[in-house]
Amino acid sequence: MTSFRPDADFARDMDAADPLASFRQQFHIPKAPGGGESIYLCGNSLGLQPKGVAAALQQELEDWKTLGVEGHFHAKNPWLPAHEDVSALAAELVGAEKSEVVMMNGLTVNLHLMMASFYRPTAQRHKILIEHNPFPSDRYAIESQIRYHGFDPAKSLVELHPRQGEETLNLEDVEHYIGAHGKDIALILMGGVHYYTGQLFNLERIARVGFHQGCVVGFDLAHAVGNVPLKLHDWGVDFAAWCSYKYLNSGPGSVAGCFVHSRHAENFSLPRFAGWWGHDKTTRFKMGPNFQPMQGAEGWQLSNPPILALAASRVSLQLFKDAGMKNLRDKSVQLTGYLEYLLKHLNIPGLAIITPENPSERGCQLSLTLAENGRAVFDALTKAGVICDWREPDCIRVAPVPLYNSFTDVYKFAQVFAAAAGNKLQEAV
Ligand SMILES: *Cc1c(COP(=O)(O)O)cnc(C)c1O
């Protein structure tokens, strides 16, 4: 671990020595209100646009313009199998076999499709276990599934809470709860990284204790994919879903991802909602009346995929492949560690970092709260050209992403933050 220093030269030296520094040039950085580049620390909400996306979209438009329906076969990236190479890139990123991943739909839709197959409540075992304060869409989706199956969310939804006075969950508490009550739990469906606190859960251990109790284990990886290394196959996770517009930079509302473990690849007895793109592709266009699902995750596809969204996703996932998730994570640990180090020098009364201190319990995001004036400080940041985000009731989320953020970004942010909160960054220790 590098020992950090608070001077500006340090950030410059770190950027000069950063083997991933050149990836920043592959992205459009939004402008600040006063001109110049903004300090963009919001890749956890919407990742920046890779410069290659425009050409990739233009290529699809051109193929559509010149080929019409023939583009399904003769486009530069033929549309018929367009999801396949993109899914393969995504599979690599989440530690999955190629057949275990498919890019399709939106995240919440995929969660529903997965619950349709994997939430099989019985009178004895009907509960779904989630983390405290989950992303609202997940809660809505889960509660509606519980009701759809004729159960009552008040009795079937279990939300794990941090200990009194703590902000984040204790892993041992999670394991202990599952160990003690697992026989009532039909499905564990937790986030990989908590959207509000930035806490990274130990998915491998949660999955292990869940399986030991006979639970089905699925994860929402919206804030984990492209942020932390994942090994979904090795961990044995039953299913997972994620969106691609946050850390994966695939554009607003772009196509989501879905993982189904290979042990379910040929389990055609699972209930599933079917559509023609999930039908065996060798006979799909015989247009027969009987649904024969494809093996693997593709068997859960419904519709033919959105080509423009896939084109953007392909460009971005290729950048992840070029950079390497391990390299990205190594830089990320440094970058976020540096942010934490600088913030601790700010000496701002009332500032708290609610994200865990241990790098193995967080991704790149730090969640900050101020005892007072949090919203006013956030507004001042915005005015000064910092793009991060505010989450009710009182949280400023700051996410330096290793693919395009620099140590200089983090240094500048700390200075602006210090000024906004009416303090000065102490130059020397
Ligand atoms: C961003 C996010 C969503 C958004 O859902 P969409 O279906 O993509 O609109 C859902 N869940 C979590 C945990 C998220 O972070």
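The rules behind each value
Residues numbered from 1 in each chain as written. Predicted model: local features only at pLDDT ≥ 70, side-chain atom pairs only at ≥ 80, totals over all residues. Heavy atoms only, no water. Patch = residues over 30% accessible without salt bridge, like charges linked within 9 Å, V, L, I, M, F, W, Y side chains within 5 Å. Areas by Shrake-Rupley, 256 points an atom, 1.4 Å probe, with all protein chains shown as cover. Salt bridge = Lys/Arg side-chain N within 4 Å of Asp/Glu carboxyl O. Helix = DSSP H or I, 4+ residues; strand = E, 2+ residues; numbered from the N terminus. Buried < 20%, exposed > 50% of the residue type's maximum accessible area, 1.4 Å probe, protein only. Pairing = 2+ DSSP bridges. Axes fitted to C-alpha atoms, helices over the stretch in contact; angles between N-to-C directions. Contact = heavy atoms within 4.5 Å. Domains from an automatic or database assignment.

Regarding a nonpolar patch on the surface
Together, Leu 61, Trp 64 and Leu 308 make up a nonpolar patch on the protein surface, roughly 320 Å² of accessible area in all. As for its placement among the helices and strands, Leu 61 is situated in helix 2 (residues 52-67). The class of Leu 61 is partly exposed, set by a relative accessible area of 35%.

Regarding the sheet that holds strand 2 (residues 101-103)
Sheet strands pair by backbone hydrogen bonding; their relative direction is either parallel or antiparallel. Pairing within the open sheet is mixed, and its seven strands lie in the order 2-8-7-6-5-3-4. Single-partner strands in this sheet number two, and they are strand 2 and strand 4 (157-160). The mean inter-strand angle of the sheet, taken between neighbouring strand axes irrespective of direction, is 15 degrees. Where strand 5 (residues 185-191) meets strand 6 (residues 216-220), five bridges bridge the pair, whose relative direction is parallel. Across the sheet, residue Met 190 finds its bridge partner in strand 6, namely Phe 219. Across the sheet, helix 6 (residues 136-148) is in contact with strand 3 (127-131), strand 4, strand 5 and strand 6; its angle to strand 4 comes to roughly 150 degrees.

Digging into the domain arrangement of the protein
When the domains of the protein are assigned, the result is domain 1 (8-48 + 324-420) and domain 2 (57-321). The C-alpha-based centres of domain 1 and domain 2 are spaced at 28 Å. Contacts between the two partners involve 33 residues from domain 1, matched on the other side by 23 residues from domain 2. Taken together, the connections running from domain 1 to domain 2 amount to zero salt bridges. Put simply, the parts of the chain that give the side of domain 1 that touches domain 2 at least two residues each are helix 12 (325-344) and strand 13 (395-398). Tallying contributions element by element places helix 12 first for the side of domain 1 that touches domain 2, with three residues.

Focus on the sheet that holds strand 12 (residues 389-391)
One open sheet accounts for four strands, arranged 9-10-13-12; its pairing is antiparallel. Two strands in the sheet have a free side with no partner beyond their single neighbour: strand 9 (351-353) and strand 12. Each strand axis lies, on average, 30 degrees off the axis of its neighbour in the sheet, ignoring direction. Direction of pairing for strand 10 (residues 366-370) relative to strand 13: antiparallel, over a ladder of three bridges. Within strand 13, the residue paired with Leu 366 across the bridge is Val 398. Sitting on the sheet, helix 12 is in contact with strand 9, strand 10 and strand 13, with an inclination near 20 degrees to strand 10. Set on the sheet, helix 13 (residues 374-383) makes contact with strand 10, strand 12 and strand 13; between it and strand 12 the angle comes to about 160 degrees.

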